[in-house]
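Here is how the chains run, residue by residue.
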Amino acid sequence: MAEKVKFSVSLNVELGEALRQYAAAEDEQISAVVSRALEQYLDKRRIIREGLRAMEEHFEEHGWPTSEELAEADARIDDLFGEPREERRSA
């Protein structure tokens, strides 16, 4: 069995209740649900960080995009997500 460390965290009431209900419905311990969710979150953040570093290296080597190229990229992303970038950020 892997060594474990204990943390104390505070959640808002709604999130805490949703967590309890989910764990009960899946017949899992809350700590198992939180551990799995945190592993997934940290892995996604690592991938994003690595991608941003790779983009910066690419731009340093090949030049940074112009404001027109950035506007074109934003428009393409808006088309893909079906909403303007500012609305995606606030969600």
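Scroll up a little and you will see the structure.
Below is a summary of the structure that appears in this document.

### Let's talk about a nonpolar patch on the surface
On the surface, a nonpolar cluster with roughly 570 Å² of combined accessible area is contributed by Val5, Phe7, Val9, Leu11 and Leu15. Inspection of the secondary structure assignment puts valine 9 in the segment before helix 1 (13–25).

### What about the packing of helix 1 against helix 2 (residues 30–62)?
Taken N-terminus to C-terminus, the directions of helix 1 and helix 2 make an angle of 105 degrees; their axes are 9 Å apart at the nearest point. Between helix 1 and helix 2, the crossing angle belongs to the class labelled roughly perpendicular. Contact residues: Leu19, Arg20, Tyr22 and Ala23 in helix 1; Ile30, Val33, Val34 and Arg36 in helix 2. Within the contact of helix 1 with helix 2, the residues separate by chemical class into six nonpolar, no polar and two charged.

### Observations concerning unusual backbone geometry
Phi angles above zero are rare outside glycine, and aspartate 27 is one such case at about 55 degrees. Tracing the chain through its elements places aspartate 27 in the loop between helix 1 and helix 2. Judged by its relative accessible area of 72%, aspartate 27 falls in the exposed class.

### Topic: the pattern of salt bridges
Overall, the coordinates contain three salt bridges when judged by the stated rule. Put simply, glutamate 28 and arginine 36 hold a salt bridge, and the shortest N to O gap is 2.9 Å. In this structure glutamate 28 comes out as partly exposed when scored by relative accessible area, which is 26%. Among the salt bridges present, the one from aspartate 43 reaches arginine 46, with a minimum N-O distance of 2.5 Å. Of this pair, aspartate 43 and arginine 46 both sit in helix 2, three residues apart, which is roughly one turn of the helix. Relative accessible area serves as the criterion here: at 35%, aspartate 43 is assigned to the partly exposed category. Classification of arginine 46 by relative accessible area gives partly exposed; the value is 33%.

Here is what the cut-offs are and how they apply
- Residues numbered from 1 in each chain as written.
- Predicted model: local features only at pLDDT ≥ 70, side-chain atom pairs only at ≥ 80, totals over all residues.
- Heavy atoms only, no water.
- Patch = residues over 30% accessible without salt bridge, like charges linked within 9 Å, V, L, I, M, F, W, Y side chains within 5 Å.
- Areas by Shrake-Rupley, 256 points an atom, 1.4 Å probe, with all protein chains shown as cover.
- Salt bridge = Lys/Arg side-chain N within 4 Å of Asp/Glu carboxyl O.
- Helix = DSSP H or I, 4+ residues; strand = E, 2+ residues; numbered from the N terminus.
- Axes fitted to C-alpha atoms, helices over the stretch in contact; angles between N-to-C directions.
- Parallel < 35°, antiparallel > 145°, perpendicular 65-115°, else oblique.
- Contact = heavy atoms within 4.5 Å.
- Nonpolar A, V, L, I, M, F, W, Y, C, P; charged D, E, K, R; others polar.
- Buried < 20%, exposed > 50% of the residue type's maximum accessible area, 1.4 Å probe, protein only.

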